[in-house]
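# Secondary and tertiary structure notes
For reference, the chains in residue letters:
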Amino acid sequence: KDFYENGRSIGSLRLPTIIVQEGGYRTRSLGANVSHFLLGLWEGFNGIPLQTGKQKPLNGNGVKSTVDPCKTIQDANLNKRRVLKLKNKTEKLKTR
C-alpha cells in the first residue's frame, strides 16, 4: 500500500520523472513493490485507474478500477524468476 501511495503522490505532480532503482533490496518482495509503485505512479499521473484486469472498487468512492493486483504481482514474480534465471546462467558462464 505504501509503495502504491508513494507512486501516486509522485505521479500526481505531473512532472517529467525518471526512476532509478539501486541495488540491495529484498528480492522476495521486490517485484510486488515495484509493480505497486509503478501502478500508483501511472494512476497518479493520469488521474484515472489503469484499465486492465478485473473490475475492483477504488477507495469505496464509487470510482471503479479494473486493475487485478494479483495478476500484476504474478507478472512481477514471473519477471523476477526470469531475471534470476538469466543471472544464474551469466554466473555459470563467468566461471568457465
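Residues numbered from 1 in each chain as written. Predicted model: local features only at pLDDT ≥ 70, side-chain atom pairs only at ≥ 80, totals over all residues. Heavy atoms only, no water.

## Describing the overall build of the protein
Filter applied, for reference: Helix and strand labels come from DSSP, where a helix needs a run of H or I of at least four residues and a strand needs a run of E of at least two; each type is numbered from the N terminus. Think of it in three bands: residues with accessible area under 20% of the maximum for their type are buried, residues over 50% are exposed, and the middle band is partly exposed, with areas taken using a 1.4 Å probe on protein chains only. Exposure was quantified through the Shrake-Rupley algorithm and a 1.4 Å probe, taking into account, for residues, occlusion by the shown protein chains and nothing else.
For the protein, the count of helices and strands is three helices and two strands. Secondary structure of the protein in N-to-C order comes out as α-α-β-β-α. Counting over 96 residues, the protein shows a buried share of 19%. Looking at the protein as shown, the accessible area adds up to about 7,700 Å², and 57% of this sits on carbon and sulfur atoms.

## A look at the environment of Leu-39
Topologically, Leu-39 is positioned in helix H2 (residues 27-46). A relative accessible area of 15% means that Leu-39 is categorised as buried. Taking C-alpha positions, Leu-39 is 7.8 Å from Arg-8, a pair spaced 31 residues apart along the chain.

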